[in-house]
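Spelled out, the chains give:
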Amino acid sequence: MLQFAGLAIVLLLIGGGLVLTGGPAALKALPFELALIGGAAIGTVMLGNSPEVAREALAGFARAFRGPRWKKADYAALFTLTGGLMREARRRGFVAIEADVEVPEESPAFLAAPRILEDAAARGLICDAFRLMSMDLTDPDRADQRMMEAIDAHLDRRMKAVGALQTLADALPALGIVAAVLGIIRTMGAIDQEPAILGAMIGAALLGTFLGVFLAYGFVGPIAARYGQIVEEEARFDETIRAILKGFAGGASPALALELARTTLPPELQPETLRSADVTPISAARRPAA
């Protein structure tokens, strides 16, 4: 993966330079300085954010390397799922899919798309929209408004986590200076030592400034930027759900609603054209085998 390759290059170049130029004293102080700055950094994230945002922000480090959650196969599963629900509602009325949207954990349609079923945001968008449409189709914008509000709320929470990581990146140089000042204070307490000893202690103190700047611009800053891209890419999945169901609520046929949403996706995420024969009717999936 590109992110792992980039991390390896940064660590090789910067870490190698530190090993070659830092000397034994800097390497000996490295674990302490990392623990000091890293612990303070985690504390600032916890101090400045709600528990939910702090957890989301810290999880962003892993998400940045894992990449977006939704792949092309997930979009294909989404089109099959929503296509089946829309066709069933068009043929037999919304009462035919009531059990699917009320108890999706037991729905054959949702069970055939387990990754969507496991995602509370995507599952909730689909179920809430069909539930609203079943109550009243005289105002097709009502379901769309509800989906828009849900997407905005979910995206806002995740963008707050991105902002928390960016704030952390901005704060790390200052935390490095704090670590350096602590090292200088310790050095001043040993001012009567030999120049060689004092030089090693000052070098170890300046390591804090080095680590603060390096972690800010060589690690956390890029991670925050990549995580922000992932949040935006994953929001496309929710917007695709909205586009499909908005078209259906507005009177488009299931096939047209799917096709209109499909063509808005980047080529690398577009499923193949979905035919009616590709979707097993939900009523048939529920029918016991003879």
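Residues numbered from 1 in each chain as written. Predicted model: local features only at pLDDT ≥ 70, side-chain atom pairs only at ≥ 80, totals over all residues. Heavy atoms only, no water.

## Things to note about the overall build of the protein
Thought 1: Of the regular secondary structure elements, the protein holds eleven helices and zero strands.
Thought 2: Beginning at the N terminus, the succession of helices and strands in the protein can be written as α-α-α-α-α-α-α-α-α-α-α.
Thought 3: A compact globule built from 290 residues would reach a C-alpha radius of gyration of about 19 Å, whereas the protein, at 27 Å, exceeds it by more than 25%.
Thought 4: Dimensions of the protein along its principal axes, counting C-alpha atoms only, are 90 × 35 × 30 Å.
Thought 5: Buried residues in the protein amount to 40% of all 290 residues.
Thought 6: Restricting to contacts in the protein with at least 6 residues of sequence separation, those with at least 24 account for 79%.
Thought 7: For the protein, the accessible surface area stands at approximately 15100 Å², while carbon and sulfur atoms represent 65% of it. (Helix = DSSP H or I, 4+ residues; strand = E, 2+ residues; numbered from the N terminus. Rg over C-alpha atoms; globule rule 2.2 N^0.38 Å. Buried < 20%, exposed > 50% of the residue type's maximum accessible area, 1.4 Å probe, protein only. Contact = heavy atoms within 4.5 Å. Areas by Shrake-Rupley, 256 points an atom, 1.4 Å probe, with all protein chains shown as cover.)

## Side note on the packing of aromatic side chains
Thought 1: Taken as a whole and assessed by the stated rule, the structure comprises six aromatic pairs.
Thought 2: With 3.9 Å between their ring centres and 5° between their planes, Trp70 and Phe237 make a pair best called stacked. Remark: Phe237 occurs in helix α9 (residues 195-249) and Trp70 occurs in the loop between α2 (51-66) and α3 (72-92); sequence separation between them is 167 residues. Phe237 carries the same exposure label as Trp70, and that label is buried.
Thought 3: Ring pairs connect the aromatic residues Trp70, Tyr75 and Phe237, which therefore count as one cluster.
Thought 4: Across from the ring centre of Trp70, 4.7 Å away, lies the NZ or CZ of Arg69, which sits over that ring. (Phe/Tyr/Trp six-rings, centres within 6.5 Å; stacked < 30°, edge-to-face > 60°. Lys NZ or Arg CZ within 6 Å of the ring centre and 35° of its normal.)

## Some points on the environment of Ala257
Thought 1: Along the chain, Ala257 turns up in helix α10 (residues 254-262).
Thought 2: Using a relative accessible area of 1% as the deciding quantity, one classes Ala257 as buried.
Thought 3: Once residues lying within four places of it in the same chain are set aside, the contact partners of Ala257 are Met86, Ile244, Gly247, Phe248 and Ala252.

## Structural notes on the confidence of the model for the protein
Thought 1: Mean pLDDT for the protein: 86, with 91% of residues reaching 70 or above.
Thought 2: Within the protein, no element has a lower average pLDDT than helix α11 (residues 282-286), which sits at 50, and none a higher one than helix α6 (residues 114-118), at 95.
Thought 3: Across residues 276-281, where pLDDT falls below 50, the model places ten contacts with residues more than four positions away in sequence or in other chains. (pLDDT = per-residue confidence, 0-100.)

## Side note on the nonpolar core
Thought 1: Among the nonpolar cores identified, the biggest contains 38 residues, and Ile116, Ile126, Phe130, Met133 and Leu245 are the most heavily contacted of them.
Thought 2: Elements that contribute at least two residues to this core include exactly α3, α5 (108-111), α6, α7 (120-135), α8 (141-188), α9 and α10.
Thought 3: Membership of the second largest hydrophobic core comes to 30 residues, among which are Ala161, Leu207, Leu215 and Val220. (Core = buried A, V, L, I, M, F, W, Y, C linked by side-chain atoms within 4.5 Å.)

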